[in-house]
Amino acid sequence: MDWSLVLPELIVAGAGIGVLLLDLFLAPEKRRLTGYASLAGLAAAMVASLWLAVAKVDWSLAAGADGSPVAAGFTALGGMIAVDAFSVLTKLLFLAIGLVVVLLGVDFAEKRKLPVGEFFALLLFAVLGMMLMAGSRDLILIYLGLETTAISSYALAGLLKDDLKSGEAALKYFLTGALASALILFGMALVFGGTGSTNVTALLGAGVTTGQLGGAGNPIALTGLVLLVAGFGFKLAAVPFHFWAPDAYEGAPTPVTAFFSVGPKAAAFAVVLRIFGPVLALGGSAGGAGAGGLAGAGVLGVLFAVLAVVTMTVGNLTALAQKNIKRMLAYSSIAHAGYLLVGLAVATPRGFAAMVYYLLAYAAMNLGAFAVVIWLNNRGTGDEVSDYAGLGRRAPVAALAMLVCFLSLIGIPPMAGFFGKFYLFAAAVEANMAWLAVVMVINSAISVGYYYGVVRQMYLAGDGAPAEDHGGAETGAPAPAEAASTVKGTPLVGLALGLAVVAVFALGFLFEPLARLARLAAGGL
Amino acid sequence: MSGFPFLTLVVFAPLLGTLALIMLPKARVESIRWAAAIFSAVPLVLTLVMWVLWGRTPAGAFGMKFAESFSWIPSLGISYSLGTDGISFPLVVLTALMTFVAVVAGWKMIATKERAFFALLLLLETGMMGVFLSLDYILFYVFWEIVLVPMYFLIGIWGGPRREYAALKFFIYTLVGSVIMLIGILALYFLSGTGTFNIMEIAQAAGSIPVAAGRWIFVALFLGFAVKVPVFPFHTWLPDAHVEAPTPISVVLAAVLLKMGTYGFFRVSYPTLPGAAKYFAVAIAALGLVNIIYGALTAMAQKDLKKLVAYSSISHMGFVLLGLAAGTQLALSGALFMNISHGLISGMLFLLVGAVYDRTHTRDIAKLSGVYVTLPVIATILAFSLFANLGLPGLAGFVAEFFVLAGTFPVSVLWVVLAALGMLVVAGFNLWVMQRVLMGEAKKEYAGLPDATRLEIFTYAPVVALIIALGVAPGLLMRFLNGPALELVQRLGGM
């Protein structure tokens, strides 16, 4: 047993426990240190992951496969841990997300009197769960990772103890999350019953791709998979399993919302890719995805295509009506989950690679947008869209950063979001599913409406009127503007914002190497 | 000199200007104005140098001059490829000239947030230049989309009362059009099987695309381009955008932005999918004729001077479509000529309408009369521009319309007759507006208004000179257009 294969996970787990212990011994005013300790832990885990990527991952395996699924990579713990290109890449993404969220959270936690130590420890445990989810080919460990993340997340959502909305967020998240877990567990049980193995690779030979429920294939395993789609649908906040998301996003402390919108979601996508990717790809090539439309992909392909269309459309249309920026970003993230699902519906190596790339791009641009929200919130601006009036003059840098992130979310070049959408478009058109690309186009156009609602407030509204008239006072922002002076160290949020904005551009300019990485990762699923 | 990166400089010099302007302190308005003028003069000077060198520069692959190419995303066959030929070069010169004119016109007209205004205007120029010079579809698309963002803010911040509505409408219309175009591009990429996004290479290999798929792709590309042109019924954003936009932006919008759409037809749709182009020829001719006649009739009904010019643009762009549909060398040359002549003339008209508005604070045709008396210099130039607009022989507009009609005649007499009817209406509204605005009794409240300043004369002079020069000596421009037009005819005929 080579324990170095799980070094990043061990570091994150150790850091989580360390933060809890540290919190015990620190005076309340010094608890910021737990945040720095978390940063150090996450950074160390990133270094360890990079080391794994260089020293242990067999890139040639992934490269040689180039699309055809590979049964085994490096494994540890009796085949439960998979160290391959996909897991290393996604783990690095999760760790980076964790890092940025800690940066976003330090000042916020202090200002809003969050229990600092618990906050960071829970965050680290959630990241640990995500890493386990993405790094395993075994349903049991995937489930354990899922629950580790989920339970940490419920507590994170409710951290604002004095805020009723935060409690509501936690309860709603917990109830739907429990239901989702039950569905997933039941689905996994059926998959085990149908295939005789908890290893996801067993699905490949199980005949679930022939497509007819109750037909010649493997109806038990197929039913299990359909239940898994529903269960993970909750985790992805895919429509119609999305009802918890807006309330949880609005009520949770904003850095936690930022985390929810990218972290557990990305992990859920990683698992879905792990479980369904190879199966769908098999169905695609067997049934001939080239034959056009949905016919080739079987029941599961149809399911994902429908989910994609419904999710992006409902997410975008509902976002149009939102007046609270956190709620708006919640629906926007639902819409983006819809775009991501296109990759699964397409079910080609290019589609999966596009998903991996889009996850990177989405994490950067969404965290950037949330960084602006938190930055402003720390300075006393409310969370209503109308609070952003005249921001272009009051806080030109923050407004510009928000604009960049929103343009990227819309998919305007040369930002990362464009390349992500472009890659997904390309995958869809290549697989003869141009209609799906057209649906995405229409949705992108709808999304302009709400992103530009904010842009309009920032740059076009409040012209002529003094900016101070709009600044949070009228909407009863939780923190009055005078409190802004007591916030020190907002540079951390600035740093997170800077990282995100740089990433939004860099991911675009580095499309070639990153797309190749994504291709390798997806090829070795 | 062949190694000198002319085109990269032409594209990115304005972007450097944008960055330089951001560095300048907001309050130093005079430096900001000068910096903007200088950075917009750089592409102008460079394009003039290229014009001088044109004959001596050997054409590279696909007849492209000054070509540059670097690999960008090799795994998908995307490259940073720039190049120019007879189709794009006149548009590049037009862009450089009209942006410079717009910057100088904005010196006095823009009185708030000057730094942001000029920075965005220069960013817009980078986008437009990139569109005309890109030889790679993805690069083309990137620049195409970059144009949207500054335009949104330029209309939305400095525009008239309904600016927000106009800006958002512009943004959504063009975004939808362009993303549909992107899907068409992707389909071209996969179906041509070339493994490259190079526009010219795909055009060469596009014969392998199945006929039905080619037609769908043609429609997808058409939608993207048609929104920009704009082709009826996708034109409704244009009058709104024009009316609300500040004068310099109206100038750029009419002179250059609309040409991105027609350029797309010439660079992409027609050479790549000649079969589909011929298949849809009658439909495109019909749309062109609707544009000509509907635009002219609607222009006649306008009460707002700026809206009148906007609808007149729609009418003129119809001639470009008609020329494309006819597909003879004469008609295609005429359509390409129309790109340039309309760019000059409509830009001029918007400048003058802006000048009149700045002084009288109204664009209401009914409230204006006797401008000849109150503002003799501006009125004279406005009369000149309106005559150019109605197609007076000896001026640039006439040449374009004449070539299109002469080239269309062998294809369909009916089209020519209908277009000629449209021209009658065009002549009608131009003369009528002259009668109502320029002549008549001078309004007392406008007495004593200052006439054209030296700065204004300076901005008008080069455009007026070009309108006359191209009218008297069309060969100046035709030497660029004949080659590409002939090549296009061969492609169309080869099907």
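As the structure is a computational prediction, the values presented were derived from the model and not from experiment.

(A) Seen up close, the interface of chain A and chain B. Contacts between chain A and chain B engage 32 residues on the former and 31 residues on the latter. Buried area between chain A and chain B, both sides added, is near 2,900 Å², and the carbon and sulfur share of it is 81%. The interface formed by chain A and chain B holds 1 salt bridge in total. The residue A:Arg456 makes a salt bridge to B:Glu164 at a minimum N-O spacing of 2.5 Å. On the surface where chain A and chain B come into contact, there are 1 residue pair in polar contact (both at pLDDT 80 or more). Elements represented by at least two residues in the side of chain A that touches chain B include exactly helix 15 (396-410), helix 16 (416-430), helix 17 (434-460) and helix 19 (511-523) of chain A. Counting residues per element, the side of chain A that touches chain B draws most heavily on helix 17 of chain A, at 12 residues. Residues belonging to the side of chain A that touches chain B are distributed by class as follows: 25 nonpolar, 2 polar and 5 charged.

(B) Summary view of the confidence of the model for chain B. Mean pLDDT for chain B: 87, with 99% of residues reaching 70 or above. Our summary of model confidence lists the complex with pTM equal to 0.86 and ipTM equal to 0.81.

(C) The pairing of strand 1 (residues 65-73) of chain B, seen in detail. In this sheet, strand 2 (residues 78-84) of chain B lies alongside strand 1 of chain B in antiparallel orientation, the contact comprising 6 bridges. When the sheet's bridge partners are listed, B:Ser71 is paired in strand 2 of chain B with B:Ser79.

(D) A look at the nonpolar core. All names here are of chain A. Ile275 and Phe276 are the most contacted members of the largest nonpolar core, which has 408 residues in total. The dominant element in this core, judged by the number of residues it contributes, is helix 13 (residues 349-378), at 23 residues. Once residues within four sequence positions are removed from consideration, Phe276 is found in contact with Leu225, Leu228, Val229, Leu300, Phe304 and Leu344.

(E) Spatial organisation of the side chain of B:Ser192. Residue and element names in this part refer to chain B. Residue position: Ser192 is located in helix 7 (residues 163-192). With a relative accessible area of 8%, Ser192 lands in the buried category. Engagement of the side chain of Ser192 in a polar contact is seen with the backbone oxygen of Tyr189, the distance being 3.4 Å. What Ser192 contacts, discounting residues up to four positions off in sequence, is Ala187, Ile202, Ala205, Ser208 and Ile209.

(F) Here's a closer look at the pattern of salt bridges. All names here are of chain A. Tallying each qualifying case throughout the model produces 21 salt bridges over all chains. In this structure, Glu250 and Lys165 form a salt bridge, with 2.7 Å as the shortest nitrogen-oxygen distance. Of the two residues, Glu250 sits in helix 9 (residues 244-251) while Lys165 sits in helix 7 (residues 164-195), which places them 85 residues apart along the sequence. Judged by relative accessible area, which is 15%, Glu250 ranks as buried. Judged by relative accessible area, which is 41%, Lys165 ranks as partly exposed.

About the criteria used
- Residues numbered from 1 in each chain as written.
- Chains lettered and ligands numbered in written order.
- Predicted model: local features only at pLDDT ≥ 70, side-chain atom pairs only at ≥ 80, totals over all residues.
- Heavy atoms only, no water.
- Contact = heavy atoms within 4.5 Å.
- Buried area = accessible area lost by both parts, 1.4 Å probe.
- Salt bridge = Lys/Arg side-chain N within 4 Å of Asp/Glu carboxyl O.
- Polar contact = N/O pair within 3.5 Å; in protein donor to acceptor, adjacent residues only side chain to side chain.
- Helix = DSSP H or I, 4+ residues; strand = E, 2+ residues; numbered from the N terminus.
- Nonpolar A, V, L, I, M, F, W, Y, C, P; charged D, E, K, R; others polar.
- pLDDT = per-residue confidence, 0-100.
- Pairing = 2+ DSSP bridges.
- Core = buried A, V, L, I, M, F, W, Y, C linked by side-chain atoms within 4.5 Å.
- Buried < 20%, exposed > 50% of the residue type's maximum accessible area, 1.4 Å probe, protein only.

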